[in-house]
Amino acid sequence: MKLTTLILLSLLSLGANAAGKSAFISTKVLLDQSPQAQSANKELIDQFGDREQSLRTLAMSIQEMEKNYQKDSAIMSAEQKKKAEDNILQNKRKFQYEQQLLKEDLQVKQRELLQKVQISIREVIQSYGKAQGYDFIFTDSSVAYASEAVDITGKILEELKK
């Protein structure tokens with residue numbers, strides 16, 4: 001009986017050692033809170049903030065034109081109405097065009113910056129994992145459950161801040 005118990009305990013300890021040292025990280029937290037991600041967000045705001053504000057100003061201008069048209073159309077001549085309608089339509093087209101350009105430019109820059117941030121985070125995770133002797137570091141997208149005891153997201157954030 002004692003021999004069977006000893007063999008069983010030996011097998012269990014071998015199985016536990018075979019699993020290796022593993023940890024878990026939250027990619028959402030890293031992408032939200034890392035200095036690299038925050039820097040990328042600031043860069044996006046710096047690069048596209050003026051264009052976004054310009055679009056808001058144009059949208060408000062169009063609304064004002066439409067409001068004035070509604071208010072004054074009863075006293076306008078047919079020619080004035082046509083001119084006002086054309087002006088509103090032209091500005092709406094300009095707004096849609098500028099909005100689409102901004103959206104496309106923003107998406108390209110977001111992809112570029114996100115790729116850089118992901119590479120930086122991946123390098124830090126790999127470096128940390130090797131230095132700390134981890135066999136596996138899982139992300140939240142590939143783990144159904146992870147105890148807080150194996151969550152090293154905070155430690156990775158500290159490394160990213162160095």
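Now for a quick tour of the structure.

Thresholds applied
Residues numbered from 1 in each chain as written. Predicted model: local features only at pLDDT ≥ 70, side-chain atom pairs only at ≥ 80, totals over all residues. Heavy atoms only, no water. Helix = DSSP H or I, 4+ residues; strand = E, 2+ residues; numbered from the N terminus. Buried < 20%, exposed > 50% of the residue type's maximum accessible area, 1.4 Å probe, protein only. Contact = heavy atoms within 4.5 Å. Areas by Shrake-Rupley, 256 points an atom, 1.4 Å probe, with all protein chains shown as cover. Phe/Tyr/Trp six-rings, centres within 6.5 Å; stacked < 30°, edge-to-face > 60°. Lys NZ or Arg CZ within 6 Å of the ring centre and 35° of its normal. Expected span 1.5 Å × (residues − 1). Polar contact = N/O pair within 3.5 Å; in protein donor to acceptor, adjacent residues only side chain to side chain. Core = buried A, V, L, I, M, F, W, Y, C linked by side-chain atoms within 4.5 Å. Axes fitted to C-alpha atoms, helices over the stretch in contact; angles between N-to-C directions. Parallel < 35°, antiparallel > 145°, perpendicular 65-115°, else oblique.

**Some remarks on the overall build of the protein chain**
Part 1 of the argument: Check the secondary structure of the protein chain and you find five helices and two strands.
Part 2 of the argument: Element order for the protein chain, N to C, with α for helix and β for strand: α-β-α-α-α-β-α.
Part 3 of the argument: Counting every position in the protein chain, which comprises 162 residues, the buried fraction comes to 22%.
Part 4 of the argument: Across the protein chain, the fraction of contacts at a sequence separation of at least 24, relative to all contacts at a separation of at least 6, is 85%.
Part 5 of the argument: Carbon and sulfur atoms make up 54% of the accessible area of the protein chain, which amounts to about 12100 Å² in all.

**With respect to the packing of aromatic side chains**
Part 1 of the argument: Counted under the stated rule, the structure contains two aromatic pairs.
Part 2 of the argument: Centroid distance tyrosine 128 to tyrosine 134: 6.3 Å. Interplanar angle 25°. Geometry classified as stacked.
Part 3 of the argument: Owing to a relative accessible area of 18%, tyrosine 134 belongs among the buried residues under this scheme.
Part 4 of the argument: On the numbers, 5.8 Å between centres and 15° between planes, the contact of phenylalanine 136 with phenylalanine 138 is stacked.
Part 5 of the argument: Sitting above the plane of the tyrosine 134 ring, lysine 21 keeps its charged end 4.6 Å from the centroid.

**A few points about helix α3 (residues 35-72)**
Part 1 of the argument: Over its 38 residues, α3 extends 53 Å from the first C-alpha to the last, a length consistent with the 56 Å expected when each residue adds 1.5 Å.
Part 2 of the argument: Restricting attention to buried positions, one finds in α3 the residues Ala37, Ala40, Leu44, Phe48, Leu55, Leu58, Ile62 and Tyr69.
Part 3 of the argument: On the buried face of α3, the contacting elements are α2 (27-33) and α4 (78-132).

**A look at the environment of tyrosine 69**
Part 1 of the argument: Among the structural elements, tyrosine 69 can be located in helix α3.
Part 2 of the argument: Once the C-alpha coordinates of tyrosine 69 and glutamine 80 are considered, the two residues, eleven residues apart in sequence, prove to be 9.8 Å apart.
Part 3 of the argument: Ignoring any residue separated from it by four or fewer positions in sequence, one finds tyrosine 69 in contact with Met76, Lys81, Ala84, Glu85 and Ile88.
Part 4 of the argument: A polar atom in the side chain of tyrosine 69 sits 2.3 Å from the side chain of glutamate 85.

**As for the side chain of asparagine 91**
Part 1 of the argument: Position of asparagine 91 among the secondary structure elements: in helix α4.
Part 2 of the argument: When its relative accessible area of 13% is taken as the criterion, asparagine 91 is described as buried.
Part 3 of the argument: Once you skip the residues sitting within four places of it in the chain, asparagine 91 turns out to touch Leu58, Ile62 and Met65.

**Examining the nonpolar core**
Part 1 of the argument: Formed by 23 residues in total, the largest nonpolar core has its most connected members in Ile25, Leu30, Ile121, Ile125, Ile152, Ile156 and Leu160.
Part 2 of the argument: Of all the secondary structure elements, the ones that give two or more residues to this core are β1 (22-25), α3, α4 and α5 (153-160).

**A few points about the environment of leucine 157**
Part 1 of the argument: Following the sequence through the fold, leucine 157 ends up in helix α5.
Part 2 of the argument: A residue is classified by how much of its surface remains accessible, and leucine 157, at 8% relative accessible area, is buried.
Part 3 of the argument: With 33 residues separating them in the primary sequence, leucine 157 and valine 124 have C-alpha atoms 9.2 Å apart.
Part 4 of the argument: Residue contacts for leucine 157: discarding those within four places in its chain leaves Val29, Leu30, Gln33 and Ser34.

**Focus: the packing of α3 against α4**
Part 1 of the argument: At a minimum axis separation of 10 Å, α3 and α4 run at an interaxial angle of 170°. Here α3 lies roughly antiparallel to α4, going by the angle between them.

**Looking at α4**
Part 1 of the argument: Here α4 is 55 residues long and its end C-alpha atoms lie 78 Å apart, about the 81 Å a rise of 1.5 Å per residue gives.
Part 2 of the argument: Within two residues after α4, glycine 133 carries a phi angle of roughly 75°, on the positive side.

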